[in-house]
Amino acid sequence: MKRFEYAAPRSEAEIAQLLAPEYGKTEILAGGTDLVELLKKMVVTPDRVVNIMEVDSLKTLESLPDGSFRIGAAVTLDDLAASPYVDDYPALAQAIAGIASMQLQAQGTIGGDLCHRAQCWFFRRGEPLLAPHRDAWGERDDRYHAIFDNEGPAKYVSGSRLGPALIALGAQLRIVGPKPDESSLVPASQFFRKPKHDRQRETILQSDQFLSHIILPPADGRLSGTYEVRSSAGPDYPLAAASCAFRHSGGVVREITIVLGQVAPVPYVALDAMDAMLGMPIDATTVERAAEAAIANARALNQNASKIQWAKVAVKRSILVAARLDTGGF
Ligand SMILES: Cc1cc2nc3c(=O)[nH]c(=O)nc-3n(C[C@H](O)[C@H](O)[C@H](O)COP(=O)(O)OP(=O)(O)OC[C@H]3O[C@@H](n4cnc5c(N)ncnc54)[C@H](O)[C@@H]3O)c2cc1C
């Protein structure tokens, strides 16, 4: 590990002042479950690490006057899961439960999950985030890589486990910086980005900005669910995942968002699947059609064709889970 300066600010303004205007010079430390590994392997080599866990305003869970639910970015997954407010958002509760490790849930934070670096074993062993040109990709073992939006150099998948659920639920994210008193709200759907070159990262956060809060609109009777296709019940990343949230009247879908995780460099909004569900009754035929539509544009790399089927299953079951129709045998 490279030597670095350690800072433990006590306020949001202090965090912003400690962050450098260039990626890589400073890194934010929350629970550290992802960052410490990257520091140890020298995938990131900052001059300064800024620990945000001493800032009280980032550790609050509160219901706002309009019924929204505001979550501090440094709230641990355990504290979030224990909050009664989460009961209104099953897609989020199920995604947290999927991280099946007491240690990770006790230590990991919601902000750390959203800003979690890319899932790519080449990147995590020190290679650049953006892969060589397609011709140079050769016969690489890419069984866990992207099946959507994978034509360019970004072939990894987004590492965020909660991102798809938060997008489906219509969350807004509060970003602070670069000036200490500067903040903005962005929809979670616009937070993730596919970097075009090495001077960009996997979210829209600039190097001198940080995520301070996540705001969920009132559930207002919306149903939601998350389903992960996994290789085991242990603390490992899903093979494919999907979250959805919808409103219905008389069993007919009036509004729906379906978002896939672990399949693309950013959480993948399955527009064709959403179209297939709109105005339709929630039954086996419609759900099957939506799942087919979700994977219509998938494109396998060398070794990840199975992921297309896993993604289809995840979409199908996330809708059934949300509708409380998942019997396990469909
Ligand atoms: C053995 C092991 C297994 C794991 N398995 C899983 C798994 O199955 N599923 C899963 O999703 N994750 C897994 N993880 C990753 C990790 O535990 C979670 O993603 C966790 O939620 C990250 O939160 P953290 O607070 O520990 O983040 P940190 O490690 O502190 O930070 C993660 C990244 O986010 C940045 N960051 C953190 N907070 C902010 C903020 N507020 N604003 C801007 N940037 C910020 C950091 O700079 C860093 O780049 C695993 C990790 C380990 C070590």
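Being a predicted model, the structure only gives us computed values, none of them experimental.

Digging into helix H10 (residues 284–295)
An α-helix turns once per 3.6 residues; consequently, residues spaced three or four apart project the same way.
Phase 1: Look at H10: 17 Å from first C-alpha to last across 12 residues, which is about the 16 Å you get at 1.5 Å a residue.
Phase 2: Listed in full, the buried residues belonging to H10 are Thr 286, Val 287, Ala 290, Ala 291, Ala 293, Ala 294 and Ile 295.
Phase 3: Buried residues along H10 sit against strand S12 (268–269), helix H9 (271–277) and helix H11 (306–322).

A look at the domain arrangement of the chain
Phase 1: Taken domain by domain, the chain holds domain 1 (58–216) and domain 2 (225–322).
Phase 2: Computed over C-alpha atoms, the centres of domain 1 and domain 2 are 19 Å apart.
Phase 3: If you look at the interface, domain 1 gives 41 residues, while domain 2 gives 39 residues.
Phase 4: At the boundary of domain 1 with domain 2, total buried surface from both sides reaches about 3300 Å², with 59% on carbon and sulfur atoms.
Phase 5: When residues of domain 1 are sorted by the area they lose upon contact with domain 2, Ile 147, Phe 148 and Arg 161 head the list and together hold 25% of the total.
Phase 6: One can count two salt bridges joining domain 1 with domain 2.
Phase 7: The residue Arg 161 makes a salt bridge to Glu 228 at a minimum N-O spacing of 2.7 Å.
Phase 8: Applying the counting criterion to the domain 1 and domain 2 interface returns 19 residue pairs in polar contact (both at pLDDT 80 or more).
Phase 9: Residues of the side of domain 1 that touches domain 2, tallied by class, amount to 18 nonpolar, 11 polar and 12 charged.

Section: the pattern of salt bridges
Pairing between side chains of opposite charge can happen when their charged atoms approach one another.
Phase 1: Applying the stated criterion to the full structure yields 20 salt bridges.
Phase 2: We note a salt bridge from Arg 10 to Glu 54, for which the minimum N-O separation is 3.8 Å. Residue Arg 10 is located in the loop between strand S1 (5–7) and helix H1 (12–18), and its partner Glu 54 is located in the loop between strand S3 (48–51) and strand S4 (61–63); the two are separated by 44 residues in the primary sequence.
Phase 3: Residue Lys 41 is joined to Glu 37 by a salt bridge in which the shortest nitrogen-to-oxygen separation is 3.5 Å.
Phase 4: The exposure class of Lys 41 is partly exposed, given its relative accessible area of 47%.
Phase 5: One connected set of salt bridges, linked through shared partners, spans Glu 288, Glu 292, Lys 312 and Lys 316.

Calculation notes
Residues numbered from 1 in each chain as written. Predicted model: local features only at pLDDT ≥ 70, side-chain atom pairs only at ≥ 80, totals over all residues. Heavy atoms only, no water. Helix = DSSP H or I, 4+ residues; strand = E, 2+ residues; numbered from the N terminus. Expected span 1.5 Å × (residues − 1). Buried < 20%, exposed > 50% of the residue type's maximum accessible area, 1.4 Å probe, protein only. Contact = heavy atoms within 4.5 Å. Domains from an automatic or database assignment. Buried area = accessible area lost by both parts, 1.4 Å probe. Salt bridge = Lys/Arg side-chain N within 4 Å of Asp/Glu carboxyl O. Polar contact = N/O pair within 3.5 Å; in protein donor to acceptor, adjacent residues only side chain to side chain. Nonpolar A, V, L, I, M, F, W, Y, C, P; charged D, E, K, R; others polar.

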